[in-house]
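A structural walkthrough
So you can see what is in the structure, the chains are spelled out below.
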Amino acid sequence: MAETDRRIRVFSFTRTGTGLNEKICGVLRRCGKECAGYAVKKYAEGEIAPLPDDIRTFAGEDWGRYDLIFIGAAGIAVRYIAPWVKDKFTDPAVLVMDEKGQYVIPLLSGHVGGAVRLAGMLAAETGGEAVVTTATDVQGKFAVDVFAQKSGLCLTDRNEARAISAAVLEGEKTALCLEYPECRIKGEIPEEIHLCETWEEAAGYSHRILVADTRRMPEEGTLILRPKNVVAGIGCRRGISEEVLESGVIRALAENGLAMEQVQALASIDLKKDEPALLALAEKYRIPFTVYPAEELEKIREVTSRSEFVERTAGVDNVCERAALTCGRGGKLIQGKRIGESMTSALVRMPVTLDFT
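- An unreviewed UniProt entry annotates the protein chain as Cobalamin biosynthesis protein of Candidatus Mediterraneibacter stercorigallinarum.

Have a look at this one:
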């Protein structure tokens with residue numbers, strides 16, 4: 001899950017800290033974040049809710065779905081999160097601030113979870129200082145996990161990502177090869193990275209980054225980054241089972257060399273806004289689900305097929321394709337209406353921007 005998708009919980013333990021808690025929640029909401037503030041009971045009032053007695057369990061509730069900000073000593077945060085910590089690819093961002101707001105410390109998941117970026121934003125808004133200890137940040141080096149997150153790319157091999165980071169810190173160059181259509185580059189490619197025109201050229205390097213949709217097994221030393229840039233439009237019968245819907249979407253993706261991890265959005269008609277199977281699919285894979293009224297879908301002029309029956313029942317002749325194209329404006333239709341068991345699907349691929357800024 002991208003850091004912008006997660007809600008934020010802010011914890012405080014003193015009167016002064018709770019005052020900062022209120023300020024931080026206001027800052028985060030103005031920045032478009034969904035957050036909630038919590039304090040020990042004697043300081044909880046107004047929009048700041050009371051912390052439960054078992055704070056450790058509360059901190060680990062739905063671990064990975066909430067970013068956490070502790071206002072107080074770092075040791076307090078460490079003790080509360082210790083039982084839940086797994087790895088930087090699944091842990092949420094965890095930050096610590098002193099109660100005067102002088103320092104903001106990314107404690108956990110600095111890159112993938114976005115703690116470093118969040119710390120910088122909070123420091124800028126409160127006049128504090130972000131205290132960053134991550135090696136690549138301290139040395140101003142390329143960080144493949146940050147690059148992937150900013151560019152909307154899926155890391156496929158955590159061990160190889162770590163190996164590339166280690167190589168970068170040791171001064172080794174890493175090859176970058178693009179086997180993907182319509183790749184745009186934003187910013188300057190860092191000196192640690194060599195952009196190769198062919199895979200044969202990249203093969204001469206000990207560590208390689210390959211941006212591709214390919215499902216082939218990577219060679220040792222290769223990290224494949226798959227773009228998370230597919231919009232899946234879906235139409236389905238009322239009451240379709242979760243298993244049938246999920247299987248149908250996975251099959252449609254596989255036929256195009258894609259995987260669920262590459263879907264950035266699900267889309268359908270507003271008649272399906274409460275369809276349990278669609279909501280369950282979006283929740284399971286943490287994918288945004290958007291619906292549109294028939295009149296909005298009708299603005300798509302060209303579709304590969306039309307159905308009078310669907311038009312009579314839904315008010316539009318092709319739900320899945322129109323929904324995919326509406327949600328994925330500017331993208332390319334790579335799979336027109338595909339009929340599956342009790343459902344239809346269509347896929348739109350969005351352009352990829354490799355962000356080196």
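Regarding the packing of aromatic side chains
- Inspection of every chain in the model, using the stated rule, returns nine aromatic pairs.
- Their ring planes at 85° and their centres at 5.1 Å tell us that Phe11 and Phe70 sit as a pair that is edge-to-face. With a gap of 59 residues between them, Phe11 in strand S1 (residues 7–12) and Phe70 in strand S4 (residues 66–71) connect regions that are remote in the sequence. No difference in accessibility class separates Phe11 from Phe70, as the two residues are buried.
- Geometrically, the ring pair formed by Phe142 and Phe356 is tilted, given 6.4 Å between the ring centres and 40° between the ring planes. Linking Phe142 in the loop between helix H5 (135–139) and helix H6 (144–151) with Phe356 in the segment after strand S19 (352–355), this pair joins segments that are 214 residues apart in sequence. As far as the burial class goes, Phe142 and Phe356 line up, both buried.
- One aromatic cluster is present, built from ring pairs that chain together Phe11, Phe13, Tyr38, Phe58, Phe70 and Tyr80.

As for the packing of helix H1 (residues 15–30) against helix H4 (residues 115–126)
- Remark: H1 packs on H4, axes separated minimally by 11 Å, with the N-to-C direction vectors making an angle of 110°. Taken together, the axis directions place H1 and H4 in an arrangement best described as roughly perpendicular. Classified by chirality, the crossing of H4 by H1 is right-handed. Contact with H1, carried on its side by Lys23, Ile24, Val27 and Leu28, involves Leu118, Met121, Leu122, Glu125 and Thr126 of H4 and no other residues of that element.
- Grouping the constituent residues of the contact of H1 with H4 by class yields six nonpolar, one polar and two charged.

Brief notes about a negative patch on the surface
- Where like charges cluster on the molecular surface, the negative patch consists of Glu295, Glu298, Glu308 and Glu311.
- Here Glu311 lies in helix H12 (residues 308–314).
- Residue classification places Glu311 among the partly exposed positions, given a relative accessible area of 39%.

Here's the deal with the packing of helix H9 (residues 242–254) against helix H10 (residues 276–285)
- Closest axis-to-axis distance for the H9/H10 pair is 9 Å, and the angle between their directions is 60°. As judged from the angle between their axes, H9 and H10 are oblique. Of the two elements, H9 crosses H10, and the hand of that crossing is right-handed. Every residue of H10 that contacts H9 at Glu242, Leu245, Glu246, Val249 and Ile250 is listed here: Ala277, Leu278, Ala280, Leu281, Lys284 and Tyr285.

Thresholds applied
- Residues numbered from 1 in each chain as written.
- Predicted model: local features only at pLDDT ≥ 70, side-chain atom pairs only at ≥ 80, totals over all residues.
- Heavy atoms only, no water.
- Phe/Tyr/Trp six-rings, centres within 6.5 Å; stacked < 30°, edge-to-face > 60°.
- Helix = DSSP H or I, 4+ residues; strand = E, 2+ residues; numbered from the N terminus.
- Buried < 20%, exposed > 50% of the residue type's maximum accessible area, 1.4 Å probe, protein only.
- Axes fitted to C-alpha atoms, helices over the stretch in contact; angles between N-to-C directions.
- Parallel < 35°, antiparallel > 145°, perpendicular 65-115°, else oblique.
- Left-handed = near helix turned anticlockwise from the far one by under 90°.
- Contact = heavy atoms within 4.5 Å.
- Nonpolar A, V, L, I, M, F, W, Y, C, P; charged D, E, K, R; others polar.
- Patch = residues over 30% accessible without salt bridge, like charges linked within 9 Å, V, L, I, M, F, W, Y side chains within 5 Å.
- Areas by Shrake-Rupley, 256 points an atom, 1.4 Å probe, with all protein chains shown as cover.
- Salt bridge = Lys/Arg side-chain N within 4 Å of Asp/Glu carboxyl O.
- Lys, Arg positive; Asp, Glu negative; His and termini not counted.
- Charge placed at Lys NZ, Arg CZ, Asp CG, Glu CD.

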